[in-house]
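Residue-level structural notes
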Amino acid sequence: MLKKCLEMMQMRAPSITLVLDQASYQAGEKIEGHFQLHGGWKDQSLNRLDCDLVIKNSANDKIVNIKNVLSIFMTKQLKSNEQVNKPFTFRLPDELEPSSTTTIYELKTKLVFANEKCATDDRQVRILA
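These remarks concern the structure in this document. (Residues numbered from 1 in each chain as written. Predicted model: local features only at pLDDT ≥ 70, side-chain atom pairs only at ≥ 80, totals over all residues. Heavy atoms only, no water.)

Membership of the largest hydrophobic core comes to 27 residues, with the highest contact counts inside it found for Ile31, Phe88 and Leu107. Within the residue set of this core, elements represented by two or more residues are strand 1 (15-20), strand 3 (30-38), strand 4 (44-57), strand 5 (62-78), strand 6 (83-91), strand 7 (103-113) and strand 8 (118-128). No other element matches the 5 residues that strand 4 contributes to this core. (Core = buried A, V, L, I, M, F, W, Y, C linked by side-chain atoms within 4.5 Å. Buried < 20%, exposed > 50% of the residue type's maximum accessible area, 1.4 Å probe, protein only. Helix = DSSP H or I, 4+ residues; strand = E, 2+ residues; numbered from the N terminus.)

An order of 1-3-6 is seen for the 3 strands of this open sheet, with the pairing classed as antiparallel. Looking at strand neighbours, the two that pair on one side only are strand 1 and strand 6, the edges of this open sheet. The sheet shows a mean angle of 25 degrees between the axes of neighbouring strands, direction not considered. Here strand 3 pairs with strand 6 via 9 bridges, running antiparallel. For Gln36, the partnering residue across the bridge sits in strand 6 and is Asn85. (Pairing = 2+ DSSP bridges. Axes fitted to C-alpha atoms, helices over the stretch in contact; angles between N-to-C directions.)

Bridge count between strand 2 (residues 24-26) and strand 8: 3 bridges; the pairing is parallel. Bridge pairing links Ser24 to Arg126 in strand 8. Alignment of strand 7 against strand 8, held across 8 bridges, turns out to be antiparallel. By the bridge assignment, Lys110 is partnered in strand 8 with Thr120. Counting the residues between successive antiparallel strands, the hairpin from strand 7 to strand 8 contains 4 residues, one of them, Glu116, with a positive phi of roughly 70 degrees.

The next point concerns the pattern of salt bridges. Evaluated as defined, the whole model comprises 7 salt bridges. Across the pair Lys108 and Glu106 runs a salt bridge, and its minimum N-O distance is 3.3 Å. By relative accessible area, which is 26% here, Lys108 ends up partly exposed. With relative accessibility at 13%, the residue Glu106 sits in the buried group. The network of salt bridges with shared partners includes Lys56, Glu106, Lys108 and Asp122. (Salt bridge = Lys/Arg side-chain N within 4 Å of Asp/Glu carboxyl O.)

Quick look at the structure:
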């Protein structure tokens, strides 16, 4: 019974989702979309929202490069069951190679709460030739 209750509370944990206007971009192009912050079963104090562009080599699953896209420090209260949308824009670097079977681009988002717990979201982005 206790295990079921804990599972239900975990499902109701606060979360973040990065929603992009499209899935494929050219190097140097501007990415637009928004972050969806979803409140959990209780109010949470937010400390920070981070987003990084991670370049990975899928052949060995190693990170090749990380570029900080966005860091927002905040003192916002995310209420229970509240949904907040925050706009997102980022211009991709001009020197990016096209996505391939070995080169993968991901936008890794992390929402940090006052208690140092985090909610994360990974969104793959395809870079066209």
